[in-house]
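If you want the building blocks of each chain, they are given just below.
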Amino acid sequence: MNISEKILARASCRKEVSPGEIVEANVDVAMVNDITGPLAIETFRKIGVKKVWDNTRIVMVLDHQVPADSAKSAELHKMMRRFAKEQNIRYFYDVGLGGVCHQVMVEKGHVRPGELILGADSHTCTYGALGAFGTGIGSTEMAAVFATGKIWLKVPETIKFNVAGEFQKFVGAKDLILSIIGQIGADGANYKAMEFDGPVIRNMNISDRLTICNMAVEAGAKTGIISPDRKVMAYIKKRVDGQIKPLKSDADARYEKIFDLDVSPLEPQVACPSSVDNVKPVSEVEGTPIDQAFIGSCTNGRIEDLRVAAKIVKGKKVKNNVRLIITPASREVYLQALREGLLETLTEAGACICNPTCGACFGGQMGLLADGETCISSSNRNFTGRMGSPKADIYLASPATVAASALKGEITDPRRL
Amino acid sequence: MKVRGKAVIFGDSVNTDVIIPSKYLTTLDPNELAKHVMEGLDPTFYEKARGGVIIVAGKNFGCGSSREHAPIALKHAGVKCIIAKSFARIFYRNAINIGLPVVECVQILEKTDNDDELLVNLAVGEVVNLTKNLRLQASKLPNFILEIISAGGLVEHLKRRLGKNGKL
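What counts and how
- By convention here, each chain's residues receive numbers from 1 onward along its written sequence.
- All chains are assigned letters beginning at A, and all ligands numbers beginning at 1, according to the order in which they are written.
- Per-residue local features are limited, in this predicted model, to residues with pLDDT of at least 70; the limit for side-chain atom pairs, both in listing and counting, is 80 or more; totals at the level of whole chains, interfaces and linings are taken over all residues.
- Values shown for side chains rest on all heavy atoms present in the structure; no hydrogens or waters enter the calculation.
- Being paired, for any two strands, means DSSP has found at least two bridges between them.
- Comment: elements are numbered from the N terminus, with helices defined as DSSP H or I runs of at least four residues and strands as E runs of at least two.
- The nonpolar core is taken to be a set of buried Ala, Val, Leu, Ile, Met, Phe, Trp, Tyr and Cys residues, with the residues joined through side-chain atoms within 4.5 Å.
- Each residue is placed in one exposure class: buried if its accessible area under a 1.4 Å probe, protein chains only, is under 20% of its type's maximum, exposed if it is over 50%, and partly exposed if it falls in between.
- What fixes the domain bounds is an automatic or database domain assignment.
- The term disulfide is used for any two cysteine sulfur atoms that are within 2.5 Å.
- Only heavy atoms matter for contacts: two residues are in contact if any of them lie within 4.5 Å across the pair.
- Summed over both partners, the accessible surface that disappears when two parts come together, traced with a 1.4 Å probe, is what is meant by buried area.
- For salt bridges, the criterion is a side-chain nitrogen of Lys or Arg within 4 Å of an Asp or Glu carboxyl oxygen.
- In protein, a polar contact means a hydrogen-donor-capable atom and an acceptor-capable atom, both N or O and within 3.5 Å, with residues adjacent in sequence counting only if both atoms are side-chain atoms; elsewhere, any N or O pair within 3.5 Å suffices.

(A) Region of interest: the pairing of strand β7 (residues 134-137) of chain B. Two elements, strand β6 (residues 126-129) of chain B and β7 of chain B, share four bridges in a ladder whose sense is antiparallel. Its bridge partner lying in β7 of chain B, Asn129 of chain B is registered against Leu134 of chain B.

Okay, here's the thing in structure tokens:
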């Protein structure tokens, strides 16, 4: 079996499962945020069960509209706080204490290799970077998980991506995953698992692996996953409590399809408006004028991303009439960036630093676009209206490409700076 | 289980951000959400859908965010069923869980025009275009999913399974 099948077999107390089978699985961890949580709470009350199935396995994070950007959001936050108190939810990350939910889940040790994690957020697939099976569900289904701790899941087919070669300077994980989505399409892995392996993946740090798995959903995948190795065990050592039972794909595991990729010729990639699979090499869109550059989100708002951005803008200035918005993905990332002087470097270059939130990426607050404006963003979606006006254009790229573009005021190949 | 209504056609990859933009997600009131459904793609949709319609679409319907506000807004605007070439998986589950029938039918876009009268037989997996007198094969939903839909969604389904002591 491959890693996804093994995790689903373990979670459903079976020796073996195969693609297409429907299993009833026990959920190890369930996560909600301030967009999906209130609806899950309201629905949980309708079911009529008094107590959640396990108050130690539920994580609640306020991240999409923090600090509350309207009285309505404040009401939703209040509703979540009350529920957490009433149900004695052990892990509740309030404004200022957490950050973007997926980054918080990983940093705070809620993601353990070999476990099944359900999140009421589509980017829950991020957790595969640590060898967990993470997948997104909606609020009603989460209410049922709160009540029962169980969920039915179809065992997915798996597509494997073996990645070899060597990245050019300023080309990396984001360019790789954009190029894969461009090749297979926005529904290229619909209902399936995407598994990543090969020397390039093994050389990658955890941050880059999170970026890759995070965007699996943009190809429709149920999860993105990587068999855990020493790097993962070293990363979680200081963060995770209790026993860990990592699972890995067998050498003879079955895959629906295997892609062998070579990253050596890969140039920086850009997803053009208004779908994530509309991917072009940066050379084809270089020179496109921008109004805003955004670095943040669960895809690319980690310390490694801020280091790249700071390195590129250090001692330089963001182009006149362009705004560079930086949103560290979590409190931990923010603090680390502060200690390393990155926030100072970025601010001196003209960047606006925001608190950790899904804000601009999700089109909530702190960096929305007006009619006719163009943004280049390190986030994950460029749908019409995603970041504000439906008449704005969004290009997706790596933090390096975004930072380079902010300096020139137009889409720029970071290798040429 | 059968559903009947007039077709309203959309294309490929209709994502949840256009079904219901994030700026409206601060409300949990389904009727308020319904007023803004699809407004970026078709500002007249809410008016059109009020009598009860069936959405016909291409591939990957409902891709993007996990927001359940998307199928809720559609259902409360008057959408009785969605027939698409394929669905994004979270949307598909969300729709079933709130009792909105979703059916996969490969030929649907080519064989349907706006305002055609459609009859969907969920248990059999068939779409009948009454206007054009055509029968199209569609995906047949497994029994346990039909049970959830006929109960009106997952909550009602779970309530039926709940014992008197509130335990499952």
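(B) Expanded view of the nonpolar core. Residues Phe45, Phe61 and Leu74 of chain B are the most contacted members of the largest nonpolar core, which totals 109 residues. If one sorts the elements of this core by residue count, helix α5 (residues 139-148) of chain A sits on top with six residues. Two domains each donate at least three residues to this core, and these are domain 1 (3-260) and domain 2 (270-416) of chain A.

(C) Representation of the state of the cysteines in the model. Counting across every chain of the model gives zero disulfides over all chains. Cysteine Cys125 of chain A is unpaired, with the sulfur of Cys213 of chain A as its nearest cysteine sulfur at 7.6 Å. The exposure class of Cys125 of chain A is buried, given its relative accessible area of 1%. Its sulfur unpaired, Cys63 of chain B is 14 Å from the next cysteine sulfur, which belongs to Cys125 of chain A. You can call Cys63 of chain B buried: its relative accessible area is 8%.

(D) Local environment of the interface of chain B and chain A. With 37 residues of chain B at the interface, the matching set in chain A holds 44 residues. Here chain B packs against chain A, burying approximately 3,400 Å² in sum over the two surfaces, 60% of which is carbon and sulfur. Among the residues chain B hides against chain A, the three largest losses belong to Leu28, Arg89 and Arg93 of chain B. Together they make up 21% of the total. Applying the counting criterion to the chain B and chain A interface returns three salt bridges.

(E) The arrangement of the domain arrangement of chain A in detail. Residue and element names in this part refer to chain A. Entries for chain A in the domain assignment read domain 1 (3-260) and domain 2 (270-416). When each unit is reduced to the centre of its C-alpha atoms, the spacing between domain 1 and domain 2 is 24 Å. The partner domain 2 presents 39 residues to the 38 residues of domain 1 that form the contact. Summing both partners gives a buried area of about 3,000 Å² for domain 1 against domain 2, and 56% of it is carried by carbon and sulfur. In terms of surface lost to domain 2, no three residues of domain 1 exceed Val100, Phe170 and Lys174, which account for 21% of the buried area on that side. There are two salt bridges connecting domain 1 and domain 2. Close ionic contact of Glu218 with Arg381 constitutes a salt bridge, the shortest N to O distance being 3.1 Å. Inspection of the region where domain 1 meets domain 2 yields 25 residue pairs in polar contact (both at pLDDT 80 or more).

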